Each structure stands twice: as C-alpha cells, then as structure tokens.
Amino acid sequence: MSSRHTDTRQHILDTGNRIIAAKGFSCVGLAELLQASDVPKGSFYHYFKSKEAFGQALLQDYFDNYLGQLDTLLGMPGLNGKTRLLRYFGQWRSTQGQENCDEQKCLVVKLGAEVADLSEAMRLTLRDGTDRIIGRLAGCVSSGVADGSLPALDPLATARMLYQLWLGASLLAKLHRDESPLEHALAATQGLLEP
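Residues numbered from 1 in each chain as written. Predicted model: local features only at pLDDT ≥ 70, side-chain atom pairs only at ≥ 80, totals over all residues. Heavy atoms only, no water.

A. Fine view of the overall build of the protein chain. Counting secondary structure elements, the protein chain contains 9 helices and 0 strands. Taking the principal axes of the C-alpha coordinates as reference, the protein chain spans close to 60 × 40 × 25 Å. Split into buried and exposed, the 195 residues of the protein chain put 43% on the buried side. In the protein chain, 68% of the contacts between residues at least 6 apart in sequence involve partners at least 24 apart. (Helix = DSSP H or I, 4+ residues; strand = E, 2+ residues; numbered from the N terminus. Buried < 20%, exposed > 50% of the residue type's maximum accessible area, 1.4 Å probe, protein only. Contact = heavy atoms within 4.5 Å.)

B. View of the nonpolar core. Among the nonpolar cores identified, the biggest contains 54 residues, and Phe-54, Tyr-88 and Leu-137 are the most heavily contacted of them. With 10 residues, helix α4 (residues 51–74) is the largest single contributor of residues to this core. When residues no more than four places from it in sequence are discounted, the contact partners of Leu-137 are Leu-74, Leu-85, Tyr-88, Phe-89, Ala-159 and Tyr-163. (Core = buried A, V, L, I, M, F, W, Y, C linked by side-chain atoms within 4.5 Å.)

C. Up close: the packing of aromatic side chains. Scanning all chains against the criterion turns up 13 aromatic pairs. The structure contains a cluster of three or more aromatic residues connected by ring pairs, namely Phe-44, Tyr-45, Tyr-47, Phe-48 and Phe-54. Positioned above the aromatic ring of Phe-25, the side-chain terminus of Lys-51 is 4.4 Å from the ring centre. (Phe/Tyr/Trp six-rings, centres within 6.5 Å; stacked < 30°, edge-to-face > 60°. Lys NZ or Arg CZ within 6 Å of the ring centre and 35° of its normal.)

D. Spatial organisation of the pattern of salt bridges. This structure, assessed with the given rule, holds 8 salt bridges. Close ionic contact of Arg-93 with Glu-183 constitutes a salt bridge, the shortest N to O distance being 2.6 Å. You can see Arg-93 sitting in helix α5 (residues 81–95) and its partner Glu-183 sitting in helix α9 (residues 180–192), a full 90 residues away along the chain. On the basis of relative accessible area, Glu-183 is assigned to the partly exposed category, the value being 38%. With its nearest N and O atoms 2.9 Å apart, the salt bridge here joins Arg-127 to Asp-128. Judged by its relative accessible area of 36%, Asp-128 falls in the partly exposed class. (Salt bridge = Lys/Arg side-chain N within 4 Å of Asp/Glu carboxyl O.)

E. Quick peek at the packing of α5 against α9. Remark: α5 packs on α9, axes separated minimally by 10 Å, with the N-to-C direction vectors making an angle of 175°. Put simply, α5 runs roughly antiparallel to α9. Across the interface between the two elements, Leu-86, Phe-89 and Arg-93 of α5 pack against Leu-182, Glu-183, Thr-189 and Gln-190 of α9. Looking at the contact of α5 with α9 residue by residue, the class counts come to 3 nonpolar, 2 polar and 2 charged. (Axes fitted to C-alpha atoms, helices over the stretch in contact; angles between N-to-C directions. Parallel < 35°, antiparallel > 145°, perpendicular 65-115°, else oblique. Nonpolar A, V, L, I, M, F, W, Y, C, P; charged D, E, K, R; others polar.)

So, in structure tokens, the structure goes:
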C-alpha cells in the first residue's frame, strides 16, 4: 500500500471522525464528508465501498487508537493495578464531562445505539472493540488482585460491570448535560475497588 493511499484514507477517516463525533453517523451525508475532506467522490469509493464500509473502518480506526492509548495508560510502570484503573476512569471522567458534551469524544457513546440497528457490520465492530476494551480492563483488575491493591474480585465480571457503569454514566451526562452521573460512577468505582 503506497504512502499516499494510506495518508488519503487516513485523512478521510480523521475528518469523518471529527464530523461524526459531533453530529452522528446518519446525519452526516457523503457530500459533507467529501467537502470537509477535500477529496473527490471517486477517491472516497476507491478506499471505501460504501458509507457503511467507511463507518466500519472509522470505528476500527477509533478502537485501534483508543486501545493504544489504553495500553499506555494501563501499562504505566511503577503503579499498582488499582491506581492504573482509577487513572483510566479519572481520565474518562475528564474527557466526557459537560465541557466536552458538544464534541463527544467517545464514539461508542455517540454511535452505539444509533448504528446497532442500522448496520450489522458496524454493530459487530462496536461489539468486538468494546470486548477488547473490557479484556484490557480485566487484565488490569487481575494484576491489581495479584499485587494486593484490589480485593479478590472476578476480573472479567468486574471489568464488564465497570465498563457498563461508565458507558451508562456517559450517556446520562450527555442527556442531562450534567456531570453528576460521571461523579457517581467515579464514587461507585472507588468504592468497588477498595480492598
């Protein structure tokens, strides 16, 4: 794959991410995406067979980037498992707060319900991506149990519950334009992680 091919494809994905994170998938037409990306229609279809294929690639790119950041955050040397988990959820709280409400950064929160019934391919990409996040969190819970910073929790069940808690809190914070659901999620997380 040539450098130009990769750069143009990535430019379309990056531009789409900014627009779709603000407006949603269905509200963004191909013409708006092409104009914002400054690429001709033929170039778009060279990289993506359809808008749905673009959406799937967008989500895959989002998860690849997110998981890279998550691996860095959860892999910080010198910190126990509990501290790494609390740093992750603290960062989640700060990026999903009201000041960021109009520019939703989490595509899972923004697109989850919208595309689950719209596109099976996008739904599967969302499902697989969130499963990968939960797996990373479970690994961190497991290391926290092993290093004694966390009580004897079931790593996978705890990771699932925490991720679901934070997705719900993010959605409620967005609906109410109020950060209190995120504050409640953080308090519940801190309580659960106490040894």
